[in-house]
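# Report on the structure
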Amino acid sequence: MKRNMFIVVLTSTITLLTILIGIIVNRIYNNSIKIKQKKAYIESTNAKLTSAETSNNNDNNNNIAKEISVQKNDNNKKVDDRKEEINKKINLYGKNTSGVPVLMYHFFYDSSLKEKGIDNNYLEISKFEQHLKYLKENDYFFPTFEELELYIDGKLELPAKSIILTIDDGSESFFRLAIPVVEKYKVPITSFIITSACNYSIDDYKSEFVHFESHSDNMHRAGKNGKGLFVNLDYNNAYKDIQNSIKFLNSHDAFCYPFGHYNNLSKKVLKDSNFKVAFTTNAGKVKVKSDKFALPRVRISKDDTLNNFIAKIK
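Okay, so let's go over this structure. (Residues numbered from 1 in each chain as written. Predicted model: local features only at pLDDT ≥ 70, side-chain atom pairs only at ≥ 80, totals over all residues. Heavy atoms only, no water.)

### Digging into the packing of helix α5 (residues 235–249) against helix α6 (residues 264–272)
Which entries qualify depends on this criterion: Fitted lines through C-alpha atoms give the axes, limited to the stretch in contact for helices. The angle between two N-to-C directions lies from 0 to 180 degrees. Counting from the N terminus, the helices are DSSP H or I runs at least four residues long and the strands are E runs at least two residues long. Reported orientations rely on four angle classes, namely roughly parallel under 35 degrees, roughly antiparallel over 145, roughly perpendicular from 65 to 115, and oblique for the rest. Here is the rule for handedness: rotate from the far helix to the near one, and if that takes an anticlockwise turn smaller than a right angle the crossing is left-handed, while a clockwise turn gives right-handed. In what follows, a contact means two residues having at least one pair of non-hydrogen atoms within 4.5 Å.
One way to put it is that α5 packs onto α6 with a least axis distance of 10 Å and a crossing angle of 45°. Taken together, the axis directions place α5 and α6 in an arrangement best described as oblique. Seen along the crossing, α5 lies across α6 with a hand that is right-handed. Mapping the contact onto sequence places Tyr-235, Ala-238, Tyr-239 and Ile-242 in α5 and Leu-265, Lys-268, Val-269, Leu-270 and Asp-272 in α6.

### Examining the pattern of salt bridges
Filter applied, for reference: By convention in these notes, a salt bridge is any Lys or Arg side-chain nitrogen within 4 Å of a carboxyl oxygen on Asp or Glu. Exposure categories follow from relative accessible area, calculated using a 1.4 Å probe and restricted to protein chains: below 20% of the type maximum is buried, above 50% is exposed, and the middle band is partly exposed.
Under the defined criterion, the tally for this structure stands at 16 salt bridges. Residue Glu-172 is joined to Arg-176 by a salt bridge in which the shortest nitrogen-to-oxygen separation is 2.4 Å. Here the residue Glu-172 and the residue Arg-176 both occupy positions in helix α4 (residues 172–185), the gap between them amounting to four residues, near one helical turn. By relative accessible area, Glu-172 is classed as partly exposed at 39%. On the basis of relative accessibility, which here comes to 34%, the residue Arg-176 falls in the partly exposed class. Between Asp-304 and Lys-312 there is a salt bridge, and its shortest N-O distance comes to 2.8 Å. One salt-bridge network, held together by shared partners, links Arg-82, Glu-85 and Glu-147.

### Some details on the environment of Glu-115
What counts here: Polar contact criterion, stated in full: a pair of N or O atoms within 3.5 Å, where within protein one must be able to donate a hydrogen and the other to accept it, and residues adjacent in sequence count only if both atoms are side-chain atoms.
Note on placement: Glu-115 falls in the loop between β2 (107–109) and β3 (122–124). Using a relative accessible area of 24% as the deciding quantity, one classes Glu-115 as partly exposed. Not counting the four nearest positions on each side in its chain, Glu-115 is found in contact with Tyr-109, Asp-110, Arg-176 and Leu-177. Among the polar contacts listed, one links the side chain of Glu-115 to the side chain of Arg-176, at a separation of 3.1 Å.

The structure is reproduced here in structure tokens:
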């Protein structure tokens, strides 16, 4: 009897254990399936994200490439248009063989406001307007400093009627009186600014026709022996001043020597600062093979009549 009872209990226990083991194995199997499914889902999601990132990166790269291509095409078009304009004017007026006059203005006054020019560096604003009107009506060409550099090097022909306008010091009268006339006649002009003394936000005045270049940061001051400070400073201090002016203007295409004074050291400072050209106050026109860092200009004075002006630029 006892033996039979033992067998029944043992059998029941084995059956129960078998059921429990089956349940455990089934759960392990199901968890394994779930883990595999989850892993597959994660891998699938990561693959989609990677694909999306790759797609986004490709889109961004394509957009950047398109922008670069557009800019390149725009630049190429501008260069081609410029070449076409130069060739057109050469066909009309011939090649420049006598040199390019670079005009030198300083200050302006308005006699209608009862203003008076203190000295011969001042020009009545109506005379300035006559000059620009004459240049526009007579179809003058206005080279950039880069084009002037190429002309000096013999790498670019310019039309006979080529001219560049520059104004020294960046005085209040330039901003108040000259800029409106420049914009009216759409004649390109460069103002050489003493950057430490500039009280204007030049970005408000920059345009297709108004450009700003360096007249030094703080070297428009007397040095020794009756010479300007630029030719009295050592290399490091002069270089630092020039870098300050470049930072202010965000440009270093052309330079104008304070008082027109220069020496070999000042020329080296400008070359090392990657300027294209530099101007003195010496009289004359810029010609092929001129010294690019000692270029002459044509001074415009208070007493010049329109006929005087025309004679000076021919």
